[in-house]
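Observations on the model geometry
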Amino acid sequence: MNATTIPTDVELLEKAREAAHHAWAPYSSFPVGAAILLDDGRVITGSNVENASSPLGICAERNAAAHMITSGEATADDGHLPNLPVIRAVAIVGLKAEPCYPCGACRQVLREFNCERVIVSVDGAPRSFDFSEILPYSFGPEAL
């Protein structure tokens, strides 16, 4: 691990809140932000991006995970599974709802990248869940 300071759960929620302010949510008016904590202490954020064709929108968590990959955190060479990045935690903030948990699709994407914890705000305070609590009996790359 490098000299990066590991952010607290409160700081991760604040980064997710900041990301939510960049959401593109003209249809639902439900801005969401996510902050992914990597195993080396770096934080990658994402916000939801809606589309007039609603199935084409993307949630904040999946947007952050996509940004993690496009930032060069992992590559799949020759069709083999790479050493996948480890998501130590993901903090999620919905500006109009508390708590704001990841949807099923986001849970599966986070599972792909070894997510360990999910952090949400409950009554203004961080609440952390082990990932296995929110997606028990999950299916991942090792099952293939």
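The sections below set out a description of the structure shown in this document.

Parameters and conventions
Residues numbered from 1 in each chain as written. Predicted model: local features only at pLDDT ≥ 70, side-chain atom pairs only at ≥ 80, totals over all residues. Heavy atoms only, no water. Pairing = 2+ DSSP bridges. Helix = DSSP H or I, 4+ residues; strand = E, 2+ residues; numbered from the N terminus. Axes fitted to C-alpha atoms, helices over the stretch in contact; angles between N-to-C directions. Contact = heavy atoms within 4.5 Å. Salt bridge = Lys/Arg side-chain N within 4 Å of Asp/Glu carboxyl O. Buried < 20%, exposed > 50% of the residue type's maximum accessible area, 1.4 Å probe, protein only. Patch = residues over 30% accessible without salt bridge, like charges linked within 9 Å, V, L, I, M, F, W, Y side chains within 5 Å. Areas by Shrake-Rupley, 256 points an atom, 1.4 Å probe, with all protein chains shown as cover. Disulfide = S-S within 2.5 Å. Arc of directions from axis to C-beta.

Right, let's get into the sheet that holds strand 3 (residues 87-94). Read across the open sheet, the five strands follow the order 2-1-3-4-5; overall the sheet is mixed. Each edge of the open sheet is held by one strand with a lone partner, namely strand 2 (43-47) and strand 5 (125-130). The sheet shows a mean angle of 20° between the axes of neighbouring strands, taken without regard to direction. Helix 2 (residues 60-70) contacts strand 1 (32-38), strand 2 and strand 3 of the sheet and is inclined by roughly 40° relative to strand 1.

Our next topic: the pattern of salt bridges. In total, this model carries four salt bridges according to the counting rule given. Linking D40 and R42 is a salt bridge whose minimum nitrogen-to-oxygen distance equals 2.6 Å. Judged by its relative accessible area of 17%, D40 is buried. For R42, a relative accessible area of 34% puts it in the partly exposed group.

What follows is about a nonpolar patch on the surface. On the surface, W24, Y27 and V49 cluster together into a nonpolar patch covering about 340 Å² of accessible area. Mapped onto the elements of the fold, Y27 is located in the loop between helix 1 (9-20) and strand 1.

This part takes up the state of the cysteines. Throughout the structure, instances matching the rule amount to zero disulfides. With no disulfide partner, C103 has as its closest neighbouring cysteine sulfur the one in C106, 3.7 Å distant. Of the residues examined, C103 reaches a relative accessible area of 32% and is grouped as partly exposed.

A separate point is helix 2. Think of an α-helix as turning once every 3.6 residues; residues three or four places apart then point the same way. Every buried residue of helix 2 is listed here: A60, E61, A64, A65 and M68. Seen from one end, helix 2 has its buried residues packed into an arc of 135°, which puts them on one side. Looking at the buried positions of helix 2, the neighbouring elements they touch are strand 1, strand 2, strand 3 and helix 3 (104-112). Looking one or two residues beyond helix 2, the residue adopting positive phi is G72, at roughly 95°.

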